[in-house]
Amino acid sequence: MKRLLCILLIWFTTPAIGLGQVALKTNDQINGFKTVPQEGIFVHVNSSLFLTGEYLYYKVYCLERGSGGLSKLSKIAYVELIGTGGKVVFKHKILLENGVGHGDFFVPTDIVSGGYTLVAYTSWMRNQDQADFFQGNVAIINPYMANQDVQGKLVSSEFNSQGKPLQLNNGAVSLANKATPTNISPLSLMIPDKRFKKREKVSLLFHNKDQSETLEGNYSISVRKKDSLPASAQSGMLDFFEKNHASNVKPLAAIGDTIYLPELRGELFSGKVIALQENRSIQNLKVALCIPGEDYFFEVVETDELGNFHLNIDGYHSGEKAVVQVLAVNSEGYEVRLREQKPLDHSKLVFAGIRIDSSMREKILQRSIHNQIENSYFQFRPDSILSNPLRQFSDNKEKEVYLLDDYVRFKTVRETIVEIIKDVSHKRVDRDNEAIRIKGFDYTQVADLPPLILMDGCLIQDNNALLEFDARTIEAMTVLRHRLVFGPEVFQGALIIRTKAGDGYEQFQKNSAILMEEIMKPQPNKKYFVQQYDGINPADSKYRLPDDRLQLLWIPKFNLRDGQTQLDFFTSDVTGEFEIHLEGLTYDNRPVSIRKSMYVD
C-alpha cells in the first residue's frame, strides 16, 4: 500500500483535467498506472423483479482482479439503475469499508414498467471498458400506472391508481428463464425442516465442507418469496469469479492519455479557482469546503499554480449541499468552480424486456396487496441507521454553549455578543469594516488571528453582515477558545452558530467567490429490521399487527464463525415458496453462492 501511495502521489501532483482525472505525461506515470491492481465489482441483489412499493436491496463487493480478494484501493463505489434511453433512475454513492458496502432503493409509484439495468463501478474502474462493470437485469412492474410505454411498446397495466382491475393487453418481449439454484460452495447450508407454518422460527445451520478450512468471511444473505412471475436469472459470486478472477489485463496507456484516479482516501472533491482580474494570482489560495447541516463537515485546502484544488472526505456525511469559498480579504475578485464527474455512456446497454399478460393478473394483484399492507405498518418495523457522521467539534470539552432562549433576547448578533457571550468581542479594523475576535486561554498573548465562524456548518467571512444578523432566529451559539488548524489555515478559536431553521448561512452566499451546489451524499450504513416473535404473547398488540413480509430477511453484513453457525428468523403470514440466497467470499478468497428453497404453509 505504501508503494501505491507513492505512485498516486505522483499523479496528484499532475494538473487535473476533470473530477479525479489526470493526464499521463511521463513513462514513470505510465508504469505506475500499470502497477496498480485493477478492480472488479459483484453486486448481490435481493431479486431481479420488483413491483412498485418494494425495496431493492443490494450489497457491493469490490474485488481485486487477479487475486480475487476484496480490494483495499477504492473507498467509494457507484451504483446506478438505468432505463431505456440511458435515463438514470437513481445513482448511489457507496462508502466501501474493506471492499464492501451496501444500499437500498424504494421503487416509487411514478416509475414505468419495463426492463432496467443495474450498473456498479468505481472511479478506478472507469479506466477499463464499461463492459467490465457489473451489469445486472432488473425488471419493474408498476400496477398503478395505465398505458405504459414498456421498452417502446404500449402495454396496459393490470390496475389503475385506485387499485381497480383494468383490461390487460399482451405485452412486449419476455424475460430470461428463472435462475436455477446454485450450491457449489465451500460452505453447506442445512435447514432441519423445509416446511414451516406462519410466524414460525426458521433456523439455518451453516457448516464448512472441509473441517480443516475456515467458515469466516464476508457474506450477505436474503430470504425472499420466490417470484412466481417470470424473472431474469441472477448471476452469483461463483459466476463472477469464473468470468473475472483469472483476468487482470492492464488497460493500455500512452503519454497524453487521461486516466481516472482511484478514490483511495474517501470521497473526492476537486475544483478550480479563476481570477476575474488579470493581475490576481490563483496560486496558494486557501479554499474552504463546507457541507452544512446538523452533522456538518469543514476543511481548508490550498490551490496549486493553476488554481486547482483537491479534497477528500474519509467518512459519512449527511449533507446534500456543498459550499466552497476562497479565504481572502477581497474574495470577490475570484470565481470558484467544482468539477463534476463525467457521466457514463449507457448507449451500448442491452435491456431485457418484460411480458405482462392476463395470466399474471391474480399474482400481481396479490403481491401488490401484500406490499400495500406491509408499507402501511412500516413504522412498526423500522431499519436502524448505523453510520457515524463526521462530528468535528462534538467531543471538544473546552467549549461554552449558549442556548439563547435561556437569556434575554437581543435583536442582533452584535448586541448578543456584548450582553451574553463571554470571551467574544468585535472591533473596528478600518473605516468600513469590523472584525469578531475570540480570546485565547493565555490572556497575555497578543494575537490577531481571525476565529473560525460557522453558521449551520458553513463558514461565514462577512463579519459586518454577521454582526447585524437577526439573533432572534438563532437557537444556540458555541464558543471554543483554543487554536484550530485546518489544512494550511490557523484560527484563534471558533464561534459556532446554530439557527432555528438550519439554513441561516444562505443569506451570506452572495459573491462569485462563494459557490453553493447540490451534491450526492453517500448511502448510510443500515441495520435492517429482523422480525422477532420469541417471547411475544399472541394477545399482545405487536403480535396482532399484520405481517405481509415478502422479504423475510436481508442482512448485508453476515459473518460466520469457525465450525458451525446458526441464523434464526421468522416467517410471515405469506405462504408459498421462499428462496434463501447467500453470496460472499471467505477470508481466504473462495467465492460462495448458495440458493435453497423453503416453504410456508
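Criteria and cut-off values
Residues numbered from 1 in each chain as written. Predicted model: local features only at pLDDT ≥ 70, side-chain atom pairs only at ≥ 80, totals over all residues. Heavy atoms only, no water. Helix = DSSP H or I, 4+ residues; strand = E, 2+ residues; numbered from the N terminus. Buried < 20%, exposed > 50% of the residue type's maximum accessible area, 1.4 Å probe, protein only. Contact = heavy atoms within 4.5 Å. Expected span 1.5 Å × (residues − 1). Phe/Tyr/Trp six-rings, centres within 6.5 Å; stacked < 30°, edge-to-face > 60°. Lys NZ or Arg CZ within 6 Å of the ring centre and 35° of its normal. Polar contact = N/O pair within 3.5 Å; in protein donor to acceptor, adjacent residues only side chain to side chain. pLDDT = per-residue confidence, 0-100. Core = buried A, V, L, I, M, F, W, Y, C linked by side-chain atoms within 4.5 Å. 1 Å grid on protein atoms, 1.4 Å probe; cavity = no way out; pocket = protein on both sides within 12 Å on 5 of 7 lines; lining within 4 Å. Points joined across faces, edges and corners; volume = space filled by probe spheres on them. Pairing = 2+ DSSP bridges. Nonpolar A, V, L, I, M, F, W, Y, C, P; charged D, E, K, R; others polar. Salt bridge = Lys/Arg side-chain N within 4 Å of Asp/Glu carboxyl O. Axes fitted to C-alpha atoms, helices over the stretch in contact; angles between N-to-C directions.

**Regarding the overall build of the chain**
Next up, step 1: A tally of regular secondary structure across the chain gives six helices and 36 strands.
Next up, step 2: A buried classification covers 53% of the 601 residues belonging to the chain.
Next up, step 3: Contacts spanning at least 24 positions in sequence make up 75% of the contacts within the chain whose residues lie at least 6 apart.

**Examining helix 4 (residues 361–376)**
Next up, step 1: Taking 1.5 Å of rise per residue, 16 residues should cover 22 Å, and helix 4 covers 23 Å from first to last C-alpha, within 8% of that figure.
Next up, step 2: Buried residues in helix 4 make contact with strand 3 (49–51), strand 9 (134–141) and strand 15 (217–225).

**A closer look at the packing of aromatic side chains**
Next up, step 1: What the rule picks out here adds up to 22 aromatic pairs.
Next up, step 2: Relative to Phe508, the ring of Phe469 lies with its centre 5.7 Å away and its plane at 35°, an arrangement referred to as tilted. Pair noted here: Phe469 is in the loop between helix 6 (463–467) and strand 29 (474–486) and Phe508 is in the loop between strand 30 (489–499) and strand 31 (514–518), with a separation of 39 residues, a long-range link.
Next up, step 3: An aromatic cluster of at least three residues, connected via ring pairs, comprises Tyr55, Tyr57, Phe106, Phe378, Tyr528 and Trp554.
Next up, step 4: A cation over an aromatic ring shows up here: Arg199 above the ring of Tyr543, its NZ or CZ 4.8 Å from the ring centre.

**Digging into the side chain of Gln128**
Next up, step 1: By the secondary structure assignment, Gln128 is in the loop between strand 8 (114–121) and strand 9.
Next up, step 2: Within polar-contact distance, the side chain of Gln128 engages the side chain of Gln38 at 3.4 Å.
Next up, step 3: Reaching out from Gln128, the side chain makes a polar contact with the side chain of Arg65 at a distance of 3.5 Å.

**Some remarks on unusual backbone geometry**
Next up, step 1: Its identity as a non-glycine residue notwithstanding, Asn98 has a phi of 55°, on the positive side.
Next up, step 2: On the secondary structure map, Asn98 appears in the loop between strand 6 (88–95) and strand 7 (100–106).

**Here's the deal with the confidence of the model for the chain**
Next up, step 1: On average, residues of the chain score 85 in pLDDT, and 87% of them reach the 70 mark or higher.
Next up, step 2: Counting contacts from residues 151–182, a segment whose pLDDT is below 50, to residues more than four positions away or on other chains yields 101 contacts.

**As for the nonpolar core**
Side chains of a nonpolar character, in soluble globular proteins, are inclined to be buried together.
Next up, step 1: Counting residues in each nonpolar core, the largest one holds 42 residues, and the members touching the most others are Phe298, Phe393, Leu452 and Leu466.
Next up, step 2: By residue number, the principal contributor to this core is strand 29, which donates six residues.
Next up, step 3: Discounting chain neighbours no more than four positions away, the residues touching Leu452 are Phe298, Phe393, Leu459, Leu484, Phe486, Phe491, Gly493, Ala494 and Leu495.
Next up, step 4: Among the nonpolar cores identified, the runner-up in size contains 41 residues, and Tyr61, Leu96, Val100 and Phe105 belong to it.

**Focus: empty space enclosed by the protein**
Next up, step 1: Following the criterion strictly, the structure yields seven cavities of 30 Å³ or more and no others.
Next up, step 2: Here the largest cavity is characterised by a volume of approximately 420 Å³.
Next up, step 3: Forming the boundary of the largest cavity are 23 residues, of which Tyr55, Tyr57, Glu374, Arg549 and Gln551 lie nearest the centre.
Next up, step 4: Elements supplying a minimum of two residues to the lining of the largest cavity: strand 4 (55–64), helix 4 and strand 33 (551–558).
Next up, step 5: Ranked by residue count, the leading element in the lining of the largest cavity is strand 33, at four residues.

**Focus: the sheet that holds strand 27 (residues 452–455)**
Each strand in a sheet pairs with its neighbour through backbone hydrogen bonds, running either in the same direction (parallel) or in the opposite one (antiparallel).
Next up, step 1: Read from one edge to the other, the open sheet built from five strands follows the order 24-29-30-27-28, with strand pairing classed as mixed. Only two strands of the sheet have a single neighbouring strand rather than two, namely strand 24 (399–403) and strand 28 (458–459).
Next up, step 2: Relative to strand 29, strand 24 runs antiparallel, the two being bridged by five bridges. Along strand 29, the bridge assignment pairs Val401 with Thr478.

**A few points about the environment of Glu200**
Next up, step 1: Tracing the backbone shows Glu200 in the loop between strand 13 (195–196) and strand 14 (201–208).
Next up, step 2: On the accessibility criterion, Glu200 (30% relative accessible area) is partly exposed.
Next up, step 3: Measuring from C-alpha to C-alpha, the distance between Glu200 and Phe570 comes to 5.4 Å, with 370 residues separating the pair along the chain.
Next up, step 4: Ignoring any residue separated from it by four or fewer positions in sequence, one finds Glu200 in contact with Phe569, Phe570 and Thr571.
Next up, step 5: A polar contact of 2.6 Å, which involves the side chain of Glu200, links it to the backbone nitrogen of Lys197.

**What to know about the layout of surface pockets**
Next up, step 1: Reported here for the largest pocket is a volume of approximately 970 Å³.
Next up, step 2: What lines the largest pocket is a set of 30 residues, and nearest its centre among them are Ala328, Val329, Gln461, Asp462 and Asn463.
Next up, step 3: Classifying every residue of the lining of the largest pocket by side-chain character gives 14 nonpolar, nine polar and seven charged.

**Brief notes about the pattern of salt bridges**
Where charged atoms from two side chains of opposite charge come close, those side chains can pair.
Next up, step 1: Within the structure shown, the criterion is met by 24 salt bridges.
Next up, step 2: Arg414 serves as the salt-bridge partner of Glu468, at 2.5 Å between the closest nitrogen and oxygen. Highlighted residues: Glu468 in the loop between helix 6 and strand 29 and Arg414 in helix 5 (residues 413–419), separated in sequence by 54 residues.
Next up, step 3: The exposure class assigned to Glu468 is partly exposed, which follows from its relative accessible area of 45%.
Next up, step 4: With a shortest N-O distance of 2.8 Å, Arg549 and Asp547 are connected by a salt bridge. Exposure class is identical for Arg549 and Asp547. Each is buried.
Next up, step 5: Each of Glu54, Arg224, Asp227 and Arg367 takes part in one network of salt bridges that share partners.

**Overview of the sheet that holds strand 31**
Next up, step 1: Spatially, four strands are ordered 19-18-21-31 in an open sheet, and the strand pairing comes out antiparallel. The outermost strands of the open sheet, each flanked by one partner alone, are strand 19 (297–302) and strand 31. Neighbour to neighbour, the strand axes of the sheet diverge by 20° on average, direction disregarded.
Next up, step 2: Taken together, the six bridges between strand 18 (residues 286–291) and strand 19 define a ladder with antiparallel strand orientation. Across the sheet, the residue bridging to Cys290 is Phe298, located in strand 19.

**Examining the side chain of Gln551**
Next up, step 1: Within the secondary structure, Gln551 is located in strand 33.
Next up, step 2: At a separation of 2.9 Å, a polar atom in the side chain of Gln551 contacts the side chain of Ser222.
Next up, step 3: Contact partners of Gln551, with chain neighbours within four places excluded, come to Asn46, Tyr57, Ser222, Val223 and Arg224.

**Points about the environment of Phe570**
Next up, step 1: As for its placement among the helices and strands, Phe570 is situated in strand 34 (residues 564–570).
Next up, step 2: Residue Phe570 is classed as buried on the basis of its relative accessible area of 4%.
Next up, step 3: Once the C-alpha coordinates of Phe570 and Ser203 are considered, the two residues, 367 residues apart in sequence, prove to be 8.8 Å apart.
Next up, step 4: The contacts of Phe570, once residues within four sequence positions are left out, are Arg199, Glu200, Lys201, Gln531, Gln532, Tyr533, Asp534, Arg549 and Leu552.

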